[in-house]
Amino acid sequence: FSLLGLWYERRGDTKRAIGCYSKALVLEPPHPVAGRGILRLRPFNEVKKICDVASNTNSPLNGWAWRALGESKAMSEGDDDLAILCYQKALRCRDFECPENEHLGIFYCLASSTGKLKA
């Protein structure tokens, strides 16, 4: 359903695209194509619950949800501490949209374990 949603989005049929993305997220909440698609087409306040569900899954693919939650915490709510935690979790996830950034999560994990040793 997520790829069908992407096809509808590219054709300009927003209503059907949202429907396909929504169905894909019901079947697999952390799906990155569907998650990013619905974030492009709907305001965050309408998809916050979807992001919460996706971020509560134990999946390496839910970085899109953590990133969206981090942006919301930083920009809308002004809670920088929670935003940082959300961005850190997003960095630990696999990133199919920007695979060149995937290594950042590995370095974050190494840096955090080194910091624990020093403390």
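Residues numbered from 1 in each chain as written. Predicted model: local features only at pLDDT ≥ 70, side-chain atom pairs only at ≥ 80, totals over all residues. Heavy atoms only, no water.

In terms of helices and strands, the protein chain carries seven helices and zero strands. From first element to last, N terminus to C terminus, the protein chain shows the α and β order α-α-α-α-α-α-α. Each of the 119 residues in the protein chain was classed as buried or not, and the buried ones make up 34%. Contacts in the protein chain between residues far apart in sequence, at least 24 positions, make up 41% of those at least 6 positions apart. (Helix = DSSP H or I, 4+ residues; strand = E, 2+ residues; numbered from the N terminus. Buried < 20%, exposed > 50% of the residue type's maximum accessible area, 1.4 Å probe, protein only. Contact = heavy atoms within 4.5 Å.)

Another aspect to go through is helix 2 (residues 14–27). Taking 1.5 Å of rise per residue, the 14 residues of helix 2 would be expected to cover 20 Å, and the 20 Å separating its terminal C-alpha atoms lies within 8% of that figure. If you check which residues of helix 2 are buried, you get A17, I18, C20, Y21, A24 and L25. All buried residues of helix 2 project into a common sector of 165 degrees when viewed along the axis, lining one side. The exposed set on the far side of helix 2, more than 90 degrees from its buried face, consists of K15, V26 and L27. Buried positions along helix 2 lie against helix 1 (2–11), helix 3 (32–41), helix 4 (44–55) and helix 5 (63–77). (Expected span 1.5 Å × (residues − 1). Arc of directions from axis to C-beta.)

Three or four residues apart is the spacing at which side chains of an α-helix point the same way, because the helix has 3.6 residues per turn. If you check helix 5, its first and last C-alpha atoms are 20 Å apart, about what 15 residues at 1.5 Å a residue would give, namely 21 Å. G78 sits one or two residues past helix 5 and shows a positive phi near 70 degrees.

Looking now at a nonpolar patch on the surface. A cluster of nonpolar side chains, namely F1, L4, W7 and L27, defines an oily patch on the protein surface of about 460 Å² accessible area. Along the polypeptide, L4 turns up in helix 1. Judged by its relative accessible area of 38%, L4 is partly exposed. (Patch = residues over 30% accessible without salt bridge, like charges linked within 9 Å, V, L, I, M, F, W, Y side chains within 5 Å. Areas by Shrake-Rupley, 256 points an atom, 1.4 Å probe, with all protein chains shown as cover. Salt bridge = Lys/Arg side-chain N within 4 Å of Asp/Glu carboxyl O.)

Residues I38, C51, W64 and W66 are the most contacted members of the largest nonpolar core, which totals 20 residues. Within the residue set of this core, elements represented by two or more residues are helix 2, helix 3, helix 4, helix 5 and helix 6 (80–92). Of all the elements, helix 2 adds the most residues to this core, at six residues. With residues up to four places along the chain from it excluded, the contact list for I38 reads I18, Y21, S22, L25, V47 and I50. (Core = buried A, V, L, I, M, F, W, Y, C linked by side-chain atoms within 4.5 Å.)

In short, geometric facts, not functional conclusions.
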